[in-house]
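Reading the structure
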Amino acid sequence: MSDPRDMFRLCACCPSPCRRAIPADASPQIETVTPSALSMIALAVIDGALDFDEPVRRSLSRTAAAHLCRPACPYGYDIAGAIDAFVADRTIAR
Amino acid sequence: MVTSLRDAAAAHVRPDWIPALAELVGDAHVLTEMPDLWVYSRDRAPYATFHVRNANVPATLPCAVACPGSVAELAQVVRFARARRIPLIPFGAGSGVLGGALPLERELMVDLKRLNAILELNEIDGTVTVQAGMNGGQFEAALNRRGFTCGHLPQSLHMSTVGGWAACRGAGQNSTRFGKIEDIVVGLAAVMPDGRELRVRPVARRAVGPSIKDLMVGSEGIFGILTEITLRVWRLPEARLGVVLAFPSLQAGLDAMRTIMQHELRPAVVRLYDREESDQRTAGIAAFAERPFLAIMEFSGTRRLAEVEHGLAMEIVETHGGSRTDDAPYLHWQQHRYESYSPKWQHSDHSMDTIEITGPWSRLPAMYERIRREVLGVCEGMYFGTHWSHAYPEGACQYMTLRLPPMPHADTLRLHRRAWDLAERACLELGGSISHHHGAGLFRNPWLRTELGVGLEMLQAVKDHLDPDNLFVPGKLGMRARPGAVDIESTEDAS
């Protein structure tokens, strides 16, 4: 899937079976670090519903857990990689 | 009216009590920034998804998120909320599909995922005690490593928590053998709205009045927050015998399922598909040309037991005109049994949902025919497919999938609600229960009173006593909403 928006939109609406790959002792244990949540935030930025401000940049920079989820995505998406690229792109653009 | 994320964010005011809350659980474990509030404003209710994909808040943003790291911290958060009259919602993995975790009045979300340890596996008693916030897939994997299974394997296994299973009275795909979660849970602990701890000791059976356990299992957080659950466990089965069956008619398949259950057999899996769902799974398999209705069964346990149950069941299947055929649909089901999402339909802006009801065997055919006819009449291009799983001697779960074609957002909300109303009304009129295992949450409020009658007043009376300020998950499971809470039905009308 070439358009990041399409991928973020699919992931944001997915019920998130990949989250099992986040270890129980990882920190933080919050929704915001799951790939689906990161996609939900990125989608909102692309659609103009959230500004790419410091809280958003901070949230989207916490991709360590999402990278662990990549092998568990049933649909083969690399959401964490796409989020990293999205943040880098937006940071340069600012 | 529908609230955009941008408008909700502009109106958000950070509560002045955040520093005091942070003293209880630590700064790092209180979330107040807008990306976090946006993420916790939804659960996996399709209604919420329809809003989120349009950058709308399903109801309201939460005011904040607290993530206690111990039961003691959780109790402190509860007392804190009660003292300040802050409504709250416990949050596991947010996998509920009925809106039970949607904030309606800027509630405080209480995320339980830090409470995620297995406390004890008792191999003598065959029980495991686990904290409520543990991921279901990790829980089952940990048991498997010790040679056990919980037997509760919902499609949402990897995306849900053990506490969520109990809170919404869920069912796994092997429930026909192991029971629903209410049959598997033998004990629990919870923090009540006044901060005290409730304990139901884990014993096989008791005769000390009505079941307190059953007051909590399925309570969806309205009476207290589950913290610890003791469940039955079983040795991993020595054998799993899967079979694929072709039936000449839907009635023949239903009759075979019923007879198997009424002959005291306990298959681990029983699934019968209507023509719509059968055709999707049987293309190219010759046996289905004359017998177009697909069923999948699995028999498990010790090899001898599985073989005996398999043999007896196949005799019943033959009596009803069924025949065994190609294993491919069973293997495909096994491979994808924990996936509930269709990127294809999401990408093309279709709007999907599922409705699971329970019906007695004598009424299931009529329920199916009427609901199918009425839901397909909601709009051109509507998809409706059904399977029957979770079978019992008295009846079964009828699991229906709907899919609306792309259309303007306001029309989606209106027609989606219309389809639900038709299905739930028909279920009630034909003697079923409006929910088999997804729970009630917010979305089923309009039909709960008809099903429960005076029973709903009993639940409200218990809630009013335990939670006099109506702070725990207000407005869900048919309970009274708080003044000022968003009413999604009026929201839909106005959209």
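Preceding this section is the structure that the text describes.
A short tour of the structure in this document, coming up. Bear in mind the structure is a predicted one, so any value in this text is a computation, not a measurement. (Residues numbered from 1 in each chain as written. Chains lettered and ligands numbered in written order. Predicted model: local features only at pLDDT ≥ 70, side-chain atom pairs only at ≥ 80, totals over all residues. Heavy atoms only, no water.)

**Some points on the pairing of strand β15 (residues 269-273) of chain B**
All names here are of chain B. With five of its five residues buried, β15 lies for the most part within the structure. Burial along β15 is two-sided: the residues Val269, Arg271 and Tyr273 and Val270 and Leu272 are all buried. Bridging between β15 and strand β16 (residues 293-301) involves four bridges; their strand directions are antiparallel. Bridging from a neighbouring strand, Arg271 pairs with Ile296 of β16. (Buried < 20%, exposed > 50% of the residue type's maximum accessible area, 1.4 Å probe, protein only. Helix = DSSP H or I, 4+ residues; strand = E, 2+ residues; numbered from the N terminus. Pairing = 2+ DSSP bridges.)

**Points about the interface of chain A and chain B**
Contact residues are listed per partner, giving 35 residues for chain A and 37 residues for chain B. A combined buried area of about 3400 Å² lies between chain A and chain B, and 59% of that area is made up of carbon and sulfur atoms. The interface formed by chain A and chain B contains five salt bridges. The interface formed by chain A and chain B contains 19 residue pairs in polar contact (both at pLDDT 80 or more). Taken together, the elements giving at least two residues each to the side of chain A that touches chain B come down to α1 (4-13), α2 (35-46) and α3 (54-60) of chain A. Here the side of chain A that touches chain B is composed, by residue class, of 21 nonpolar, six polar and eight charged. (Contact = heavy atoms within 4.5 Å. Buried area = accessible area lost by both parts, 1.4 Å probe. Salt bridge = Lys/Arg side-chain N within 4 Å of Asp/Glu carboxyl O. Polar contact = N/O pair within 3.5 Å; in protein donor to acceptor, adjacent residues only side chain to side chain. Nonpolar A, V, L, I, M, F, W, Y, C, P; charged D, E, K, R; others polar.)

**Some thoughts on the nonpolar core**
One finds B:Phe139, B:Leu231 and B:Phe247 to be the most contacted residues of the largest nonpolar core, which totals 103 residues. Broken down by element, this core gets its largest block of residues, nine residues, from helix α17 (residues 409-429) of chain B. Once residues lying within four places of it in the same chain are set aside, the contact partners of B:Phe139 are B:Ile118, B:Val128, B:Val130, B:Met134, B:Cys150, B:Val162, B:Trp165 and B:Leu231. A:Ala12, A:Ala42, B:Leu61 and B:Val65 belong to the second largest nonpolar core, which has 55 residues in total. (Core = buried A, V, L, I, M, F, W, Y, C linked by side-chain atoms within 4.5 Å.)

**A short note on the environment of B:Leu254**
Along the polypeptide, B:Leu254 turns up in helix α11 (residues 250-262). Between the C-alpha atoms of B:Leu254 and B:Arg370, which are 116 residues apart in sequence, the distance is 17 Å.

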